[in-house]
Amino acid sequence: MLEFEGVFAHLFDWEPRMTARRRYVALDTETTGLNPEEHELIEVSAIAFDLEGILGECNSLVRPDRHPSYQIERLTGIRAADLETAPRFSAIAAELRDFLGDSPVVGHSVNFDIAFLDRAGVHATGPVFDTFELAQLLLPGLADYSLRGVAERLAVDFPLRHRARADADAARSVFLALRGRLGSLPGSMLWEMERYAAAADWSLAALLGELLTETPVREGDAGLTADLLAPPDEMAKALSPGAVRRPVAAAETQALLDDAGRLTQYIAGFEQRPEQDAMAAAVATAFTDSRHLVVEAGTGIGKSLAYLLPAALHARRNQERVVISTDTIGLQEQLTGKDLPVVESLLADSEEGPLRVAALKGRRNYLCLQRWTAARHQPPPTKEDAMLHARLLVWLQTTQTGDRAELNLHNSYDLAWSRLAAENTACLQTACPFVKQGTCFLYRARRRAEAAHVLVVNHALLLSDLATGGHVLPPYSHLVIDEAHNLEDEATARFAFRASEGDIADFLDRVGRRGSDRAGIVGTLGEAMRGTAAILAPGSYLAGLGSALATAASRVRGHLGDPFRLLAAVLRDGGQDGDGGDRLLITRAVRVQPIWSDVEIAAENLGASLSDLTSLLDDLRSLLEAGDQGLVHQDALAAEVADLWQAGAAFDQGLRGALTTEDPSLICWLERSRSTGEVGVATAPLAVADLLREQLFAAKESVVLTSATLSTEGRFDFLRERIGLDDADELLLGSPFDFPRSTLITLPTDLPEPNDPDFVAETGALLIDACRASQGRALVLFTSYGSLNAIYRVIKPQLESEGILVLGHGADGSPRQLLSALRENQRTVILGTASFWEGVDIAGEALSLLAIVRLPFAVPTDPVHQARSALYDEPFDEYALPQAVLRFRQGFGRLIRTKTDLGVLLVLDRRVRSRRYGDAFLRSIPHCTLQELPSREVGGAIEAWLA
């Protein structure tokens, strides 16, 4: 605990030194919450400093009107008793205001602190230098941009955190280190950054201007884009399969697994597992015999190594490509960063040469150097664009991939990135100078993929390759689909369509905003033609295309509102309320209503005008790709037009398919966003089985599907039917863990059913006892935010009064933040929904209690679920129940992650015993110790088991 003498502790007399050197003030506050309108300051620290040292300090606790919550006390270490004798903020405001003066204010995400001071009547009048923004600029690819993460990266001592004085001092040291890095950049680069910052009113402009007074510089760009790029790595040649295939024997994979124990630098405490050996042998056989294989591999088997070893052996020996597809980014990063290096080490002594590995993502993940070059000569439209442009100047000096993931961009940059991303693959066939030079990031990613023995992709890219007839991935015959339990959902999403009035309006703005001849592609075309022969040529078709596009876009806007206004009326009269907003499945009964004929007429009018606009975009695309038209940045312009043409065609086709025709193979529905209130129209395929059967399983020699949860009650029938997998070998491998000794399942016998009015109160009371018994260390899974928030309100006050932190998904942060909090402080309970049911991997005591509040049945009003259920004679037993069982198994898998884990599964939905179908859930998970007991005894049972 920091100690303070009086209201302020002044270490130095700072006034006389202000004029001698540049003075900054590092600022930090601690508060009772995140909203300045609702929460209060409890601590303030301001440290005056210059480039040589600290000049003076102002530090004080602040007495709020209300005591801080347990969560804040836990985070800061500031207790309510510490604040009882502290001054009110009004007593220190004048001195703090004088201390700040007009000096630049420095801090980490410092606008948060400034907002609280503003609310309290103290305003920072000097420039604001945010070390969070500076770190993003100068430390590209840092995984953690928190003050702690940045301080660790810069070797800044930061032993005490979440106290105002310690945080302010750390921000001071971080700022000085980052200022030094910024000042070491070439002056021309600083000048270009300053131009971006000034155009977007970004406060960094003042710091850049300050540094430019210290650095000789000529005005101009930082250089040609090609001059900014890191020297590209040498590219390997594309694979060339041999005429005769050489098989991989199961004994070979076994020998390598026997040798894996020596790789202690990669696999700590590696153990031989018979299940892993069996899976590796089965995968090798499937590749050799050109068979499809479905493998359920329980937690702890080590399935990644079991399929990667035979895949790598087969690929390298035969110079053939094996594609590995995952659903989540986390697994993709695990494979490329952890598991494949193990495989490479195991194969290092072979005479067959090195194993080549690559990862490939969708084109929007890669920076387009054409578009970036064109954008450098334009003023950035927003602060986010300016910040991104400046970050790219630094990042391009080091990146080999141009992959957005390296920048760790927040989603607030999505729009800015989209203006620079490789949106269109047609540029690979054009005369783009970066493709010619071999520096285009998308081109190089494709080249690496063509040379790779093992290519790691995600399900979305895999399915995009199917949709385009194999034009996304290089040719392959062998495929492993990990996390295959999500394949149907991903295929549904890939072939789905969604559009609202706002989506189409945004598209039209990209063509050209209303009343502006300088915005969108219309404005870009005009700028590109200015002063060229093209615009002067009499009767030039190119010269008239800009005005024709503007007119066509205006015509689309004139028809845009009508169909969506009518659809809002249809939804209002027939919609059903669900978690995602109001929704209505468009059935035959909806289409025969009188209003629907008006919808069709309005949709036809919109479609006709949209089709005309798309045709003009196609004409312009063809003209730009046909040859040199003498335009500035013609290649970048062609890529942008091609992307707009594709987007317009997708809107046209999607709206017609949903509103003007009745396609029995499509599910069509209306939905209203609860965040924006906009009505949108959506479609999805009624079934993906035929598509996957014909385009995937029939087209590939061998497809291996694996996951920890593919079967229902020991059979793969449900999965095979849903994805069209008719002919495949099967292998069902249980977990090597001793579940009867590690896991207790508790079933309260006296709780009401979930729809009972007393369910929330009684379940909340039971959860308080259970989490008290487990001392936190708990994850509570929900199927809806409504239920989560209701339980959150019941249990949070009581548990936090006992020193157990309660964090709710959405209310208290992102999944990553909540899981990090649980790892750091085990006396924590997380309430989670959606993504928490899978992908959460917390080994050891940090997660000892898993509670499932409600059996995870799909929302009955979900349009896709409604439509697909109608295909079955017994929709509940044949569709809804198997889906819920698989989801239940996914949730159960969060609990026991290693052989030494000990845990309790608490099922709070009594239907698991009271309904005939309940046993299906319990039979689907490993055999564990089971106790059915009254609620009052649950806490004692949990405490005894974990003890």
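Structure: see above.
Residues numbered from 1 in each chain as written. Predicted model: local features only at pLDDT ≥ 70, side-chain atom pairs only at ≥ 80, totals over all residues. Heavy atoms only, no water.

Undergrad: Sorry, what's going on with the environment of P104 here?
TA: Within the secondary structure, P104 is located in the loop between α3 (89–100) and β4 (105–107). Taking the relative accessible area as the measure of exposure, P104 reaches 2% and is therefore buried. As a C-alpha pair, P104 and L847 span 743 residues in sequence and 45 Å in three-dimensional space. Contact partners of P104, with chain neighbours within four places excluded, come to R22, R23, Y24, V25, P127 and F129. (Helix = DSSP H or I, 4+ residues; strand = E, 2+ residues; numbered from the N terminus. Buried < 20%, exposed > 50% of the residue type's maximum accessible area, 1.4 Å probe, protein only. Contact = heavy atoms within 4.5 Å.)

Undergrad: Honestly, the layout of surface pockets in this entry has me stumped. Any pointers?
TA: Taking a probe equal in size to a water molecule and rolling it over the atoms shows the remaining empty space. Quantified by volume, the second largest pocket comes out at close to 1,500 Å³. For the lining of the second largest pocket, the secondary structure elements donating two or more residues are α21 (487–494), β14 (666–672), α30 (717–723), α35 (863–869) and α36 (875–892). Residue contributions to the lining of the second largest pocket peak at seven residues, all from α36. When its residues are assigned to classes, the lining of the second largest pocket shows 23 nonpolar, 12 polar and 12 charged. (1 Å grid on protein atoms, 1.4 Å probe; cavity = no way out; pocket = protein on both sides within 12 Å on 5 of 7 lines; lining within 4 Å. Points joined across faces, edges and corners; volume = space filled by probe spheres on them. Nonpolar A, V, L, I, M, F, W, Y, C, P; charged D, E, K, R; others polar.)

Undergrad: Which parts of the structure should I look at to understand unusual backbone geometry?
TA: Most peptide bonds take the trans configuration, and most residues that are not glycine carry a negative phi. Phi at D201 is positive, roughly 55°, even though this residue is not glycine. Along the polypeptide, D201 turns up in the loop between α8 (187–199) and α9 (204–212). Phi is positive for A834, close to 50°, though the residue is something other than glycine. Checked against the element boundaries, A834 lands in the loop between β21 (828–832) and β22 (849–852).

Undergrad: Hey, could you run me through the packing of helix α22 (residues 501–511) against helix α27 (residues 594–626) in this one?
TA: Their axes nearest at 13 Å, the elements α22 and α27 cross at an angle of 35°. At the point where α22 passes α27, the crossing takes the left-handed sense. Contacts between α22 and α27 involve F507, L508 and V511 from the former and L610, L613 and L617 from the latter. Of the residues that constitute the contact of α22 with α27, the class distribution is six nonpolar, no polar and no charged. (Axes fitted to C-alpha atoms, helices over the stretch in contact; angles between N-to-C directions. Left-handed = near helix turned anticlockwise from the far one by under 90°.)

Undergrad: So what exactly am I meant to see when it comes to the nonpolar core here?
TA: It is characteristic of soluble globular proteins that their nonpolar side chains tend to be buried jointly. Counting residues in hydrophobic clusters, the biggest one holds 103 residues, and the most contacted among them are L182, M193, L367, L692 and L705. The element contributing the most residues to this core is helix α16 (residues 383–395), with eight residues. The contact partners of L182, leaving out residues within four places of it in the chain, are L134, L137, L138, L190, M193, L204, L207, L208 and L211. Counting 51 residues, the second largest nonpolar core, distinct from the first, contains F507, L606, L616 and L624. (Core = buried A, V, L, I, M, F, W, Y, C linked by side-chain atoms within 4.5 Å.)

Undergrad: In this structure, what is going on with the pattern of salt bridges? I would like to understand it.
TA: A side chain of one charge can pair with a side chain of the opposite charge when the charged atoms of the two come close. Applying the stated rule across the entire model yields 56 salt bridges. R195 is paired through a salt bridge with E192; the nearest N and O atoms lie 4.0 Å apart. In this pair, R195 and E192 both sit in helix α8, three residues apart, roughly one turn of the helix. A residue is classified by how much of its surface remains accessible, and E192, at 0% relative accessible area, is buried. Through salt bridges that share partners, R364, R371, R510, E640 and D643 make up one connected network. (Salt bridge = Lys/Arg side-chain N within 4 Å of Asp/Glu carboxyl O.)

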